[in-house]
Each structure stands twice: as structure tokens, then as C-alpha cells.
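Here's the letter readout for the chains.
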Amino acid sequence: MVKEKLLNALNEQMNFEFYAAHSYLAMAAYCSEESLDGFANFFLVQAEEERFHAMKFYNFINALGERATIKSVDEPNNTFSSVLNAFEKALEQEKEVTKRIYHLSDLALDDREHATMSFLKWFIEEQVEEEDMFDSIIQKLKRIKDDSNAFFMLDEEFAKRSFTPEGE
């Protein structure tokens, strides 16, 4: 049986993953308003991925014989000054997720909750990829600055992005 503190933290992370999905939807809406459909698609796919992550927590909590507790989602930031600003906010959010996953890992380690430690290993690796991806995109956006051709080429590249959950 999972200790209450760890169970609460797992539920909090599940709900934070749903919040992250909402944040990415807000970023997609900003990009859509700017007629940047590729960037909007990038964030829509990212929102799907975050919902997938939330459901991994949901299913794990249930597999432990515990109850997933769904909470209301706070309103995300809906104001961005640029696409670069949206990606910078996304990186900040991913860094917060990483911090939370590390905290969960510490709790699981302290409780000697090996199943949870094993479960979280996937998320630790995922966060390395997520932060690297957002940092790379930010660096590209900074390099291309006012080069509209490069900017729209990146928009076209992101229009092709899709999400296929693992194992499918």
C-alpha cells in the first residue's frame, strides 16, 4: 500500500499533467490567432502528449489499488508576446514538471516504493527529452530572429508533427 503523502503527490502530478495540457492548448490558440498553423499544431500535439502522461499516472494509481483524484484545472496563461515567448513559457513549465518528477522520485525512494520508482524512471527520461527539445527550438527561434523565410519553414516543419502513444 502506498503511503498517503506519496499517493497525494502522484495525484497532484496527474492533475498537473492535465494543467500542462491546458497550457499547451492556450499556446496553440495564440499561434492559431497569429495564423501560424504549424506552431499551433506543435502545441496541440504537445497537449495530447501531456494528457497521455496524465493518463499514465491515472492508470498507475488505479493499478496500485488506489483512487485517482481529479481536481479542477487552473486557468493557464493565455497571453504571449511572441512565438518565442510561448516556447520560453513551455520550457519553464517543463522544468517545473522535471522538478515535480524528481520530488516524486525522492518520496518513492524514501518510502522504498519500488513500483513507483520504476514507473517514474520513464518520466525522468522523458523530461530530459522534453527540456532538450524546447531548448533547441528556442535556440533556433533566437537564431532566425527576423528571417521570415526560416520562421515559416519551421512553421511548415511543425505542421507535420504528430503524436503516437508508445506501443501503438
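In this report, we go over the structure that sits alongside the text. Everything numeric here is computed off the predicted structure, so don't read it as measured data.

### Some points on helix α3 (residues 83-110)
End to end, α3 covers 41 Å across 28 residues, agreeing with the expected 40 Å (1.5 Å per residue, within 8%). For α3, the capping residue at the N-terminal end is S82, with a side-chain oxygen 3.4 Å from the backbone nitrogen of L84.

### Concerning helix α4 (residues 114-144)
Helix length check: α4, at 31 residues, gives a terminal C-alpha distance of 46 Å against a target of 45 Å (1.5 Å per residue), a fit within 8%. Most pronounced at L120, the bend in α4 amounts to some 25°. Taken together, the buried positions of α4 are T116, F119, L120, F123, E126, Q127, E130, F134, I137, I138, L141 and I144. Against α1 (4-33), α2 (37-63), α3 and α5 (148-159) lie the buried residues of α4. One or two residues past the end of α4 sits K145, with phi positive at roughly 40°.

### Observations regarding the pattern of salt bridges
Taken as a whole and judged by the stated rule, the model has 6 salt bridges. The residue E12 makes a salt bridge to K71 at a minimum N-O spacing of 2.4 Å. Of this pair, E12 sits in helix α1 while K71 sits in the loop between α2 and α3, and the two are 59 residues apart along the sequence. Of the residues examined, E12 reaches a relative accessible area of 34% and is grouped as partly exposed. Note that E96 is salt-bridged to R100, the shortest N-O span being 3.1 Å.

The rules behind each value
- Residues numbered from 1 in each chain as written.
- Predicted model: local features only at pLDDT ≥ 70, side-chain atom pairs only at ≥ 80, totals over all residues.
- Heavy atoms only, no water.
- Helix = DSSP H or I, 4+ residues; strand = E, 2+ residues; numbered from the N terminus.
- Expected span 1.5 Å × (residues − 1).
- Polar contact = N/O pair within 3.5 Å; in protein donor to acceptor, adjacent residues only side chain to side chain.
- Bend = angle between axes of the 7 residues up to and from the residue.
- Buried < 20%, exposed > 50% of the residue type's maximum accessible area, 1.4 Å probe, protein only.
- Contact = heavy atoms within 4.5 Å.
- Salt bridge = Lys/Arg side-chain N within 4 Å of Asp/Glu carboxyl O.

Honestly, that's just the spatial picture; any functional story needs more than this.
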